[in-house]
Every structure is written in structure tokens, then in C-alpha cells.
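# Summary of structural features
If you want the building blocks of each chain, they are given just below.
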Amino acid sequence: MTPPRPAGTLALAASAIVLLALTLRIAVASLSPLLDVIDRDFALPAAVVGLIGMAPPVAFALAGMVAPAIERRLGLERSVLVAAVVAAVMLGLRAAAVDAWTLLAATAGVFAAVGVANVLIPAVVKKYFPARIGLMTTVYTTTMAVATFTPPLVAVPLADAVGWRGSFATWAVVALAAVVPWILMSLRARAARVDLVEEPRTSVLSRIVRVPQTWALVLTFAVNSAVAYGMFAWLPPLLIDVAGVDAAEAGGLLALFSFMGLPVSLLVPLLVQRIGRTTPFYAVAVIAGLTGVAGLLVAPTAATVLWVVLIGIPPLLFPLVLVLFGLRTRGHETAVALSGLVQSAGYGLAALMPLAIGLTHELTGGWVAALVVLGAAIACAVPAGLIVARRETIEDAWERRTGRSW
């Protein structure tokens, strides 16, 4: 077993996780508020804007495929360091974009780095804080939630003060600050023999794909991300049409939807670790989400704010899955493989939701079919929740199914 780590190492790891969590969401949330401002300097065709909108889930899906291989080659801490460096560099290059395509290229690079870090951070928590997984997951998911709604609030005023390039450069400096503790983490991990992974690595992925719980987590992650990205893309025009709100109010309601990630990030990881059960969280997510969808279908103007709040609750499945990467695995190597597979497949499926909502709206001329699609996606969490409810690690499940030792 790995001996207890010194307090200094744990403090360094905690600061590294928090600073990187800021970068992960700032990178995603700092662009869209400035698209109109950037368009004044050079044209942003609708096709490019559409590609930028699709970039996060697609890049995250692809990154989930390669992150475990990078970790096997470089080690956990150095892999995160590389991702942090690339994110900072690409954020800086985004500030130097000269046209729509260089902006898209830099943005894609940012999201690729963020995707790799997304996969590896749960494994870092598992490795350095095995007895405090719920607490540390709360810390970094809450940091991510704050970093999601902060840039939209300050990006435009900052751009008014220093220009959109200066706004992007500011976020790049924040990302650069996150690199420093990861350099120290990498140096310490390289020098510490106890951090070497002893279990075989090449067979982990081939084992976890044979466990139903893995695919239940994929489905759970897909539901969460589908709701999130579907609403980020389409909630304002949907509310303008069905609830009769104006554009400013619709934007405020989208901010309210985003804000719902903060309380669930604070509560869910700690509660999951404390009570040890997942069924109540699935029940709350599904019932709230379906009630919100039904409200927009039946009485959209009666309680619009309530319906938006309820639809903002299913994304509690995001911190739930993240904490389960640690709680439902024995070692950080399995956590890396599980996180990579779940996020890759989950984001890949979720990328279809904005397209599905857009197509159904285009074909029908209304929002009923789109809301039915959203409700059907939320309902998919029910079978996933039934499988995840079984309290055993991925390794235990594999051993039970095969009769062999992991």
C-alpha cells in the first residue's frame, strides 16, 4: 500500500487541482460572450460559429480516447502538466487569432487539452486523496461551476476595458498560473518510487468494457451532457418561442440554468460518499427533469423560472459520475481507464443532442418534438441508475463475472 503522503504534498495537490479546475471551465465559458465583439474585427461565418459550438463535446470525446494512452506513456502528473501547458498556450493563441479559422483552431486545441485534463483529474483525486474523494470532488466541481458562470459575467466588461484580445489574454494568465503547481507535482512524482503503478496497464480497458456498470456510467454521463449542451445551444430561442420572454430574459434564464451546477456540485459528491447510495440522486434528476420538460410542454408561461430550474437539476449526474470514478474503482489506473471511456463515449453521444433538437425544430416548426426528445434522453437515466445502484467496484464486478482475480 502507498504510505500516507506528507501534508505539503497534499496541499500542493489540492492547489494544483483547484487552479486546473478554474482553467477547465474558463476555457469553455470565456468565448461565446465575445463572439459578437470579435465579429466586428473579422467575420465569423455561421458555419464556424456552429463548429465552435460543437467543439467541446467532440473534442472531449476524442480526448477521452487518447488520455489513458498518454497517461500510460508519461505518467499521471506529467500528462496533466502537458494538458495544462497546452491549454495555456492555446488560450494565448486564441487572443492572437487573425481570422475565424485561426480562432477555431486555437479553440479546438484548448478543448482538446481540457478534455485530457477532464479525464485525468478524477484519477489525481483518487491517487492523492483516497479517503477524501467526496470532499475533493466537491472542491473541484464547485470550482468548475463557479468558473462556468463567472466568465460570461465579466468577459464583455473586460473586453470593453482592454479589448477582446486582452480579455482572452487575461484567462491565459490564469491558465498559466495553473501550470506552476503541476510542474512541482511532476517533479515530486518522478522522484517518489511509491507513486509507481504496479498493476498491469494494457488489460484494464479490455476488462472494464465487460462490466455493465461501466456502460451504465457511460449512459449516465451522456444524459447529463446531452441536457447541458442541448440547453446551452437551444434554451434561449425555445423560451422566446414557447414562453414569450424577450432575448434578455431568455439569457438570464440560461444563466439560471447554468447556475444550478453550483449547488449540486457542493452537495452531491459529499452526500454520495456519506450515504453510499446513488438511487436517490438518479430519482431526483429524472423526476425533476421530466417535470420541467412537462411544464414547458403543458404550461410554459405559468412558471417558466421553475421549469428552467427543474431542467437544470439533471446535470447533478455530472458530479455524481465524477465521484464514482473514484469510489467505484480500487486504483487510480482503473479510474483513468474508466474516466477516459465514460467521458469519450458520453460526450460523443451528447454531441448529438443539440443536432437532434435543431433538426426536430426545423422539421416540425415547433418545439414539442424537441422537448419530447429531451425528455426521452432524461428517462434513459432510469435503467442506468438501476445498474449503478449495485455497490461494488469495477474490479469486484469483473472478478464476480469472470471468477478470476483482477
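Everything discussed here concerns the structure shown above.
Summary of the structure given here. In this text the structure is predicted, and so the values were computed from the model without any measurement.

The rules behind each value
Residues numbered from 1 in each chain as written. Predicted model: local features only at pLDDT ≥ 70, side-chain atom pairs only at ≥ 80, totals over all residues. Heavy atoms only, no water. Phe/Tyr/Trp six-rings, centres within 6.5 Å; stacked < 30°, edge-to-face > 60°. Helix = DSSP H or I, 4+ residues; strand = E, 2+ residues; numbered from the N terminus. Buried < 20%, exposed > 50% of the residue type's maximum accessible area, 1.4 Å probe, protein only. Expected span 1.5 Å × (residues − 1). Bend = angle between axes of the 7 residues up to and from the residue. Polar contact = N/O pair within 3.5 Å; in protein donor to acceptor, adjacent residues only side chain to side chain. Salt bridge = Lys/Arg side-chain N within 4 Å of Asp/Glu carboxyl O.

### A closer look at the packing of aromatic side chains
Tallied over the full model, the rule gives 11 aromatic pairs. Measuring from ring centre to ring centre gives 6.0 Å for Phe 221 and Phe 318, while their planes differ by 55 degrees; the resulting arrangement is tilted. Here Phe 221 is found in helix 8 (residues 212–242), whereas its partner Phe 318 is found in helix 13 (residues 317–327), with 97 residues between them in sequence. Take Phe 221 and Phe 318: they sit in the same class, and that class is buried. Arranged with centres 6.3 Å apart and planes meeting at 70 degrees, the rings of Tyr 229 and Tyr 347 form a pair that is edge-to-face. Residue Tyr 229 is located in helix 8, and its partner Tyr 347 is located in helix 14 (residues 332–350); the two are separated by 118 residues in the primary sequence. Taken individually, Tyr 229 and Tyr 347 each receive the classification buried, so the pair is uniform in this respect.

### A closer look at helix 5 (residues 100–128)
The terminal C-alpha atoms of helix 5 lie 41 Å apart, and with 29 residues this matches the ideal 42 Å at 1.5 Å per residue to within 8%. In helix 5, a bend of some 30 degrees at Leu 120 exceeds every other bend along the element, and Pro 122, a proline, comes one to four places later. For helix 5, the buried fraction is high: 24 of the 29 residues fall into the buried class. Put simply, Asp 99 is the residue that caps the front of helix 5, since its side-chain oxygen is 3.2 Å from the backbone nitrogen of Trp 101.

### Observations concerning the pattern of salt bridges
Scanning the entire structure with this criterion turns up five salt bridges. In this structure, the salt-bridge partner of Glu 77 is Lys 127, at a minimum N-O distance of 2.8 Å. Within this pair, whereas Glu 77 is found in helix 4 (residues 76–95), its partner Lys 127 is found in helix 5, the two being separated by 50 residues in sequence. Lys 127 shares its class with Glu 77; the two are buried.

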